[in-house]
Amino acid sequence: MSRHATPDRAAAVLLEGVHKFFGNYHALRGIDLTIAKGEVCVVIGPSGSGKSTLLRCINQIEQISAGRVRIGGTLQGYDERNGRLHELSPRAIDRQRRLTGMVFQRFNLFPHMTALGNVIEGPVQVKRIPKAEARRIGRDQLARVGLTDLEDRYPNQLSGGQQQRVAIARALAMEPEVMLFDEPTSALDPELVGEVLDVIKDLAASGMTMILVTHEIGFAREVGDRMVFMDHGTIVEEGQPKQMLAAPKSTRTQAFLSKVL
Amino acid sequence: MASGHDDAARDEGQKVRLNDVVPHRHPGRWVAVALLAVVVAQVAHGIIVNPNFHWDVFWQYLFAPTVMAGVGWTLMLTVIAMLVAIVCAVILVLMRDSENPILRTVSWLWIWFFRGTPLYTQLLFWGLFAVLFPRLSISVPFGPEIIGVPTDWVVTAGVAAILGLGLCESAYLAEIFRAGFRAIDRGQTEAAQAIGMSKGRIWWRILLPQALRTIIPPTGNETIGMLKGTALVLAVPFTLDLMFATNAISNRIYLPVPMLMVAAFWYLAITSVMMIGQYYLERHFGRGQDYVPTRHA
């Protein structure tokens, strides 16, 4: 339900009855979710609950099995004509993917490119921005995540926290409408988590629309405008983070929170 | 005993006196070196002063015109056949990983056939190709010919040798390339998709450079194998390569050993040059992973 979204702002992301099957496995079971422009939505839940699949369906790494995903009002992956869905061409889908930036649990930086090379790959190869201009954009983005001096380093010369910040800069360089974070700190050493969370916090403060899957409950409470609890492929409960964490309504949410808090 | 300031390392103004260590000795190594030196000297002596090796004949023919031409032809066969093999292998890998089941099957059958039959047999077949199919033509099936040429205009001995070597090799390379691509984490493709890169661009910019890192060492192996495999082209028969040239001379002068040494010398020389090239290729495609520039501050 969208009672937490500010009604006067257009929905940045809209999911209507989204299902996803992997063979016989029913990973998402009818997800309805509205995320307003500038809203930060944090998604929590046990592993295997479909949180990552949800993000992967939004940016079309996975094709949804039923329902609709809209970003900025545009239907994703399909063209709806005369009541039928027509699959879009790969080119059109690639173009739609530019609307979303994705940050992965395991960074997935390109190991054969420097930090700056990773960041400018999208602008140069996809947006066709001239290299000199792209480098300027890339340096700005690296500065934004606090990595000004490390542009010539290769990923394996960087710490986990630095790698994840490069990955965030790489996503931001494409100027996406929505940023998707898939457990961005789960693969990090404890002392490196903070530097990545700080970058995400700044990003949230800048008004970026974000969906953040995380196990950092404290951080989720601090940064989230809205919290979604998922279990077994459904949204069990959603609400204002502080309220939800203080007084979860569902027994499943209570059970989960009692384990992680 | 510490011998003064040389043994001191500095870190933020603080002087650290490094341990003064007597290194562990390895007397066994010196014994082994001495023994090996004796053996090597014995063997070298036995070969160099041995009249049966006819070193005068070796030097006489080492740079003989037919030998040099043979080196050139062997190199050319190797390079062109390898290029044919690489192009075919790339196409085979793309077919093998495609969503089209027909392309997948064709790729599988190609690899099955060319890997499963001996190279020598394949070269014999390509040599007989012009006899088996006298005309190459485009025609209506079971009907009249539209356009055609005599096969021996197209499939000359050189072309037959290149096709035989190249197509056989493509099957092996296809498997090496496939392994190289499979070794890449799926997250690489997903990350590239997430910034909106197209399938072709992902393949060219993200996957291929990473795959080449693992593909190059075994492909270097295959290239060296191919170099020596060219010695089999007499099956076609192709009669200009290094092995045939040195054999022809030894049959004429009744001295096979020095001519074998000439051939071995040139094969070894070419292999050495190729290994240098491979070193630089590996360094290029290993950047960021195996070959990381030194850290700066």
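Residues numbered from 1 in each chain as written. Chains lettered and ligands numbered in written order. Predicted model: local features only at pLDDT ≥ 70, side-chain atom pairs only at ≥ 80, totals over all residues. Heavy atoms only, no water.

Selection rule: UniProt positions are given in the numbering used here, feature names are shortened, and annotations may be inferred rather than shown by experiment.
Where an unreviewed UniProt entry is consulted, chain B appears under the name Amino acid ABC transporter membrane protein, PAAT family, with the organism given as Roseivivax sediminis. Under the heading Subcellular location (unreviewed entry), UniProt records this for chain B: "Cell membrane". For the record of chain B, the UniProt heading Sequence similarities (unreviewed entry) holds the text "Belongs to the binding-protein-dependent transport system permease family."

Chain A has the name Polar amino acid transport system ATP-binding protein in an unreviewed UniProt entry, where Roseivivax sediminis is given as its organism. You can read under Subcellular location (unreviewed entry) in the UniProt record for chain A the words "Cell membrane".

**Considerations on the overall build of chain B**
Note the threshold: Working definition: helices are DSSP H or I runs of at least four residues, strands are E runs of at least two. Numbering for both runs from the N terminus. The globule rule used here is 2.2 Å times the number of residues to the 0.38 power, and the radius of gyration it is set against is calculated over C-alpha atoms. Each residue's exposure class comes from its accessible area (1.4 Å probe, protein chains only) as a fraction of the maximum for that residue type: buried when under 20%, exposed when over 50%, partly exposed otherwise. The contact definition used throughout considers only heavy atoms, calling two residues in contact when any of these lie within 4.5 Å. Where accessible areas are quoted, they stem from the Shrake-Rupley method and a 1.4 Å probe; at the residue level, only the protein chains shown are allowed to cover.
Within chain B one finds 11 helices and four strands. In terms of C-alpha radius of gyration, chain B reaches 27 Å, well past the compact-globule figure of 19 Å for 297 residues. Along the first, second and third principal axes, the C-alpha set of chain B runs to 95 × 70 × 30 Å. Classification of the 297 residues of chain B by burial places 34% in the buried group. Within chain B, contacts between residues separated by at least 24 positions form 69% of all contacts whose residues are at least 6 apart in sequence. Accessible surface computed for chain B: about 18,300 Å², of which carbon and sulfur atoms make up 68%.

**What about the environment of tryptophan 266 of chain B?**
All names here are of chain B. By the secondary structure assignment, tryptophan 266 is in helix 11 (residues 256–285). Each C-alpha atom of the pair tryptophan 266 and arginine 186 lies 44 Å from the other, and the pair is 80 residues apart in sequence. Excluding residues that lie within four positions of it along the chain, tryptophan 266 makes contacts with Leu62, Phe63, Val67, Met68, Val71 and Leu242.

**Details of the confidence of the model for chain B**
Note the following rule: For every residue, the predictor reports its confidence as pLDDT, a number between 0 and 100.
Taken residue by residue, chain B gives an average pLDDT of 90. The fraction at 70 or more is 93%. Two summary scores accompany this predicted model of the complex, namely pTM at 0.83 and ipTM at 0.90.

**As for the UniProt feature "transmembrane region" (unreviewed entry) in chain B**
Residues and elements named next belong to chain B. As recorded in UniProt, the feature "transmembrane region" (unreviewed entry) lies at residues 30–50, 70–95, 107–133, 153–174, 231–249 and 255–281. Its end C-alpha atoms 15 Å apart, residues 231–249 is made of 42% helix and 0% strand. Annotated as residues 255–281, this span is 96% helix and 0% strand, and its ends, taken at the C-alpha atoms, are 40 Å apart.

**Regarding helix 5 (residues 160–172) of chain A**
The cut-off we apply is this: Expected helix span is computed as 1.5 Å times (number of residues minus one).
Between the first and last C-alpha of helix 5 of chain A there are 18 Å, a value that for 13 residues agrees with the 18 Å anticipated at 1.5 Å per step. In terms of burial, helix 5 of chain A is largely enclosed, as 13 of its 13 residues are buried.

**Considerations on the interface of chain A and chain B**
Applied cut-off: Note on definitions: buried area is the accessible-area loss of two parts on being combined, 1.4 Å probe, summed for both. Salt-bridge detection follows one rule: a side-chain nitrogen of Lys or Arg within 4 Å of a carboxyl oxygen of Asp or Glu. Throughout this description, a polar contact denotes any pair of N or O atoms lying within 3.5 Å of each other; where both atoms belong to protein, one of them has to be capable of donating a hydrogen while the other can accept it, and for residues adjacent in sequence the pair is counted only when both atoms sit in side chains.
The interface of chain A with chain B comprises 28 residues on the first partner and 26 residues on the second. Taking both partners together, chain A and chain B bury about 2,500 Å²; carbon and sulfur atoms supply 51% of that area. One can count three salt bridges joining chain A with chain B. Residues glutamate 121 of chain A and arginine 205 of chain B are paired through a salt bridge, measuring 2.7 Å at the closest nitrogen-oxygen approach. Scanning the region where chain A abuts chain B turns up seven residue pairs in polar contact (both at pLDDT 80 or more).

**Digging into the side chain of threonine 246 of chain B**
Residues and elements named next belong to chain B. Mapping threonine 246 onto the fold places it in helix 10 (residues 242–253). Looking at threonine 246, its side chain comes within polar contact range of the main-chain oxygen of methionine 243, at 3.0 Å. The contact partners of threonine 246, leaving out residues within four places of it in the chain, are Val67, Met259, Val262 and Ala263.

**Some points on the layout of surface pockets**
Heads up, the condition is: Only protein atoms enter the 1 Å grid used here, on which a cavity is any set of points holding a 1.4 Å probe that cannot leave and a pocket is any open set flanked by protein within 12 Å on both sides along at least five of seven lines; residues with an atom within 4 Å of a point are listed as lining. Grid points are joined across faces, edges and corners, and a volume is the space filled by probe spheres set on the points. Throughout this entry, Asp, Glu, Lys and Arg are counted as charged residues, while Ala, Val, Leu, Ile, Met, Phe, Trp, Tyr, Cys and Pro are counted as nonpolar. The remaining residues, Gly among them, count as polar.
Taken as a whole, the largest pocket encloses approximately 1,200 Å³ of empty space. Contributing elements (two or more residues each) for the lining of the largest pocket: helix 1 (51–58) and helix 2 (90–97) of chain A together with helix 3 (65–96), helix 7 (157–182), helix 8 (186–194) and helix 9 (199–229) of chain B. The biggest single contributor to the lining of the largest pocket is helix 9 of chain B, with five residues. Here the residues of the lining of the largest pocket are counted per class, giving 16 nonpolar, nine polar and 12 charged.

**Considering the sheet that holds strand 2 (residues 25–36) of chain A**
Residues and elements named next belong to chain A. So the rule is basically this: One requirement defines pairing of two strands: DSSP has to find at least two bridges between them.
Taken in spatial order, the four strands line up as 2-1-4-5 in an open sheet, and their pairing is antiparallel. Looking along the sheet, the strands with just one partner apiece sit at the ends: strand 2 and strand 5 (74–75). Note: strand 1 (residues 11–22) against strand 2, nine bridges, orientation antiparallel. Along strand 2, the bridge assignment pairs alanine 11 with alanine 36.

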